[in-house]
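# Report on the structure
These are the residues of each chain, in order.
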Amino acid sequence: MASSEQTVIQMGRKKNKGSKLQLWAKEIVYNKWLYIMFLPVFIWYFIFAYWPMHGLLMAFQKYNVVKGITGSEWVGMKYFKQFLDDPHFWRLIKNTLLLNIYSLIFGFPVPIILALCFNEIRSLLFKKVAQTISYLPYFISTVVVCGMALTFLSPSTGVVNIILNKFGMESVYFFQDPAYFRTIYVLLGIWQGAGFSAIIYIAALSGISPELYEAAKIDGAGRWSQLRYITFPSLVPTIIIMLLLNLGTILTADFGKILLLYNPTIYETADVLNTYVYRKGLIDNNYSYATAVGLFQAVIGFILVYGANYLSKKANQTSLW
């Protein structure tokens, strides 16, 4: 009796599996053109994003270019310990964290404020012109932006120092004094990215129901009250998601910008994990050590995102997954 019941259960499971496979097959056939369109994206990600991840094995090897990954000697956690014992370790961590924390504190609110300001503009023409002007810096190459910064802040011919000289002040060597680098880095990031980042918040604002504003007007709410009780609360889920994404890159500074702006005289505040990996990996040819540092960055970033996502989900039910 028991065996017959088990047979019936197994047959039912097989039938369910068969029906699920049939449903999946029908769905694939029905949406075949969507899957065909997605195929190039999948291939690109597999080749350039996932397949290179096997190179992380170098972090645990004494990598030899001739022997390759499969033939190199395994050394375990040697390079991770070497990095933790590196005399520059705390300087690199401090510089990377401070640059990203300052960017979050001073740069993260700017796109939100811009989006709220654009949302309050009633002239459609002025709104479009203002948005376009704010987007333009994002499309300027980082090389050009850094070149502009070096030119404007030049101690001899820079516009800033010329103005300072007109007021009887001495020229400032912005890129020889470590104290100025973090300010320059954060301001350039805000100028270049704030307008484009505001697009996400503008899109979120466009999804707010006009009926909420109409009901608020009937109840006597002014513009400030509408902003405080309708507009901003509607942005909170988007703000949390963007903050979580930014936390994932808190140990990853803008490598290209720093590489173009820094020099040995300002390593004290400008040298970060990304530039250190570049010097160790591509200049010193220490591939295993550079890979270990890069893996360290990725693991810490994952832990921060996962932890922040968990806390956000517990606190207000907003999360990435």
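On a predicted model such as this, the values are computed, not experimentally measured, just so you know. (Residues numbered from 1 in each chain as written. Predicted model: local features only at pLDDT ≥ 70, side-chain atom pairs only at ≥ 80, totals over all residues. Heavy atoms only, no water.)

## Re the nonpolar core
- Formed by 37 residues in total, the largest nonpolar core has its most connected members in Phe-83, Phe-108, Ile-112, Tyr-201, Leu-235 and Leu-273.
- Counting 24 residues, the second-largest nonpolar core is a separate cluster that includes Ala-149, Ile-190, Leu-261 and Val-272. (Core = buried A, V, L, I, M, F, W, Y, C linked by side-chain atoms within 4.5 Å. Buried < 20%, exposed > 50% of the residue type's maximum accessible area, 1.4 Å probe, protein only.)

## Digging into the packing of helix H6 (residues 109–120) against helix H12 (residues 223–247)
- One can describe the packing of H6 onto H12 by two numbers: an axis separation of 12 Å at closest approach and a directional angle of 135°. Considered as vectors, H6 and H12 are oriented oblique to each other. Judged by the sense of rotation from one axis to the other, the crossing of H6 with H12 is right-handed. For the pair H6 and H12, contact is made by Ile-112, Leu-116, Asn-119 and Glu-120 and by Arg-223, Leu-227, Thr-231, Phe-232, Leu-235 and Ile-239, respectively.
- In terms of residue class, the contact of H6 with H12 is built from six nonpolar, two polar and two charged. (Axes fitted to C-alpha atoms, helices over the stretch in contact; angles between N-to-C directions. Helix = DSSP H or I, 4+ residues; strand = E, 2+ residues; numbered from the N terminus. Parallel < 35°, antiparallel > 145°, perpendicular 65-115°, else oblique. Left-handed = near helix turned anticlockwise from the far one by under 90°. Contact = heavy atoms within 4.5 Å. Nonpolar A, V, L, I, M, F, W, Y, C, P; charged D, E, K, R; others polar.)

## Brief notes about the packing of aromatic side chains
- Going through the model one piece at a time under the given rule, you end up with 23 aromatic pairs.
- Here the aromatic cluster, defined as three or more aromatic residues joined through ring pairs, consists of Phe-83, Phe-89, Trp-90, Tyr-276, Tyr-289 and Phe-296.
- Stacked on the ring of Tyr-267, the Lys or Arg Arg-279 has its end atom at 4.8 Å from the ring centre. (Phe/Tyr/Trp six-rings, centres within 6.5 Å; stacked < 30°, edge-to-face > 60°. Lys NZ or Arg CZ within 6 Å of the ring centre and 35° of its normal.)

## Quick look at unusual backbone geometry
- Positive phi values are uncommon outside glycine, yet Asn-285 reaches one of about 60°.
- Residue position: Asn-285 is located in the loop between helix H15 (273–283) and helix H16 (287–316).

## Some points on the pattern of salt bridges
- Applying the stated rule across the entire model yields four salt bridges.
- The salt bridge partner of Arg-223 is Glu-120, with a shortest N-O separation of 2.7 Å. With Arg-223 in helix H12 and Glu-120 in helix H6, the pair connects residues that are 103 residues apart, well separated along the chain.
- Exposure remark for Glu-120: the relative accessible area of 24% places this residue in the partly exposed category.
- Across the pair Arg-279 and Asp-271 runs a salt bridge whose closest N-O atoms are separated by 2.8 Å.
- Salt bridges sharing partners connect three or more residues here, namely Arg-91, Asp-271 and Arg-279. (Salt bridge = Lys/Arg side-chain N within 4 Å of Asp/Glu carboxyl O.)

## Some remarks on the environment of Leu-304
- Tracing the backbone shows Leu-304 in helix H16.
- The exposure class assigned to Leu-304 is partly exposed, which follows from its relative accessible area of 35%.
- Sequence-distant contacts of Leu-304, that is, excluding residues within four places in its chain, are made with Leu-247 and Ile-250.

## Concerning helix H10 (residues 181–206)
- Spanning 26 residues, H10 covers 38 Å between terminal C-alpha atoms, matching the ideal 38 Å at 1.5 Å per step.
- Along H10, the sharpest kink reaches roughly 50°, centred on Ala-194. (Expected span 1.5 Å × (residues − 1). Bend = angle between axes of the 7 residues up to and from the residue.)

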